[in-house]
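# Coordinate analysis (summary)
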Amino acid sequence: VVMRSLAIAYQFRGERAAAKAAYEDAIAMSEASGNLFVNILATTGIGIIQLSDNQLHQAEETYQRVLELIGDPRQPMACVAYEDLARINYEWNNLDRAQEYIQHAVHLARQIDVIDSAAAAEIFLARLTLARGDSAQAAAMLAELERVVHQRNFVRQIPEVAAAQVLVLLHQGDITGAAHLAAAHDIP
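Residues numbered from 1 in each chain as written. Predicted model: local features only at pLDDT ≥ 70, side-chain atom pairs only at ≥ 80, totals over all residues. Heavy atoms only, no water.

## So, the packing of helix α6 (residues 95-109) against helix α7 (residues 117-131)
One can describe the packing of α6 onto α7 by two numbers: an axis separation of 9 Å at closest approach and a directional angle of 155°. Our classification of the angle between α6 and α7 gives roughly antiparallel. Judged by the sense of rotation from one axis to the other, the crossing of α6 with α7 is left-handed. For the pair α6 and α7, the contacting residues are L95, A98, Q99, I102, A105, V106 and A109 in the first and S117, A118, A121, E122, F124, L125, L128 and A131 in the second. (Axes fitted to C-alpha atoms, helices over the stretch in contact; angles between N-to-C directions. Helix = DSSP H or I, 4+ residues; strand = E, 2+ residues; numbered from the N terminus. Parallel < 35°, antiparallel > 145°, perpendicular 65-115°, else oblique. Left-handed = near helix turned anticlockwise from the far one by under 90°. Contact = heavy atoms within 4.5 Å.)

## A few points about the confidence of the model for the protein
When pLDDT is averaged across the protein, the result is 93; 98% of the residues are at 70 or more. Confidence, read as mean pLDDT per element, is least for helix α1 (residues 2-12) in the protein (85) and greatest for helix α4 (residues 56-70) (97). (pLDDT = per-residue confidence, 0-100.)

## So, α6
In a regular helix each residue adds 1.5 Å, so 15 residues correspond to 21 Å; α6 covers 20 Å between its end C-alpha atoms and thus fits that length. L95, A98, Q99, Y101, I102, A105, V106, L108 and A109 are the residues of α6 that are buried. Those residues of α6 hidden inside the fold are in contact with α4, α5 (79-91) and α7. (Expected span 1.5 Å × (residues − 1). Buried < 20%, exposed > 50% of the residue type's maximum accessible area, 1.4 Å probe, protein only.)

## With respect to the side chain of S135
With respect to the secondary-structure elements, S135 resides in helix α8 (residues 135-151). Setting aside residues no more than four positions away along its own chain, S135 makes contact with L130, V168, H171 and Q172.

## Observations regarding the nonpolar core
Counting residues in hydrophobic clusters, the biggest one holds 29 residues, and the most contacted among them are Y63, V66, L67, A78, Y82, I88 and I102. Looking at this core, the elements that each hand over two or more residues are α3 (36-52), α4, α5, α6 and α7. The biggest single contributor to this core is α6, with eight residues. Leave out the neighbours within four places in its chain, and Y63 touches T44, G47, I48, V80, A81, D84, L85 and I88. Among the nonpolar cores identified, the runner-up in size contains 13 residues, and I123, L145, I158 and V161 belong to it. (Core = buried A, V, L, I, M, F, W, Y, C linked by side-chain atoms within 4.5 Å.)

## Topic: the pattern of salt bridges
Tallying each qualifying case throughout the model produces 10 salt bridges. The closest approach of N and O atoms between D53 and R16, which form a salt bridge, is 2.6 Å. Taken together, the positions of D53 in the loop between α3 and α4 and R16 in helix α2 (residues 16-33) put the pair 37 residues apart, joining distant regions of the chain. Taking the shortest distance from any N to any O, the salt bridge between R74 and D72 comes out at 3.0 Å. Note on R74: relative accessible area 62%, which makes it exposed. Linked by salt bridges that have partners in common, E83, D84 and R87 make up one network. (Salt bridge = Lys/Arg side-chain N within 4 Å of Asp/Glu carboxyl O.)

## Thoughts on a nonpolar patch on the surface
A cluster of nonpolar side chains, namely L167, L170 and I175, defines an oily patch on the protein surface of about 280 Å² accessible area. Along the chain, L167 falls in helix α9 (residues 158-171). (Patch = residues over 30% accessible without salt bridge, like charges linked within 9 Å, V, L, I, M, F, W, Y side chains within 5 Å. Areas by Shrake-Rupley, 256 points an atom, 1.4 Å probe, with all protein chains shown as cover.)

## Details of the environment of Q165
Relative to the elements of secondary structure, Q165 occurs in helix α9. Spatially, the C-alpha atoms of Q165 and A105 are 21 Å apart, while their sequence positions differ by 60 residues. Setting aside anything within four residues of it in sequence, one finds Q165 in contact with L142, A143, E146 and L181.

## Focus: the environment of V66
Position of V66 relative to the elements: it lies in helix α4. On the accessibility criterion, V66 (0% relative accessible area) is buried. Between the C-alpha atoms of V66 and Q111, which are 45 residues apart in sequence, the distance is 19 Å.

## Examining the packing of aromatic side chains
Any pair of aromatic rings gets described here by the distance separating the centres and the angle formed by the planes. Summed over all chains, the structure comprises two aromatic pairs. Aromatic pair Y82 and Y101: ring centres 6.1 Å apart, planes at 35°, arrangement tilted. Of this pair, Y82 sits in helix α5 while Y101 sits in helix α6, and the two are 19 residues apart along the sequence. For Y82, a relative accessible area of 7% translates into the label buried. Judged by centre distance (5.5 Å) and plane angle (75°), the ring pair of Y90 and F124 falls under edge-to-face. You can see Y90 sitting in helix α5 and its partner F124 sitting in helix α7, a full 34 residues away along the chain. (Phe/Tyr/Trp six-rings, centres within 6.5 Å; stacked < 30°, edge-to-face > 60°.)

This is the structure in structure tokens:
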């Protein structure tokens, strides 16, 4: 647990190499002690670092390992692995597979009622819907999500929703609306 906490601290400071090493130590210690929960969390942490370093193939393998460790794909703690597998497949333009993964992520994240994981997954689902050419559906999804993030005070997700809404407006040809929304939320 201490090594995982140290890894998170390194990660927040932007020291990804140190964070990865600490996560690897946490995995080794958790395997030695049989602490599956810490193993899952530390392995997920490595996947997050790999994804942020654009090591997509390694991240995919890591997240598949997370799902193996979890065992039951219906466990809410699998939502991060599914969401990031969706992001990886999106980058590879495998939109059908990305859709499958993100739907799992949204479903599982909604079971964790007190955090904003579902909002993050739903923003990605709206972006994927836009990428598939359905700007009206993406706009509707984001309008509902905007209401929910304000209602639940998920402050961190408000600019993310707005950024996705800007993309929808641009896709719909509403450059003025996109510019106003971007300015209102200080989005470059």
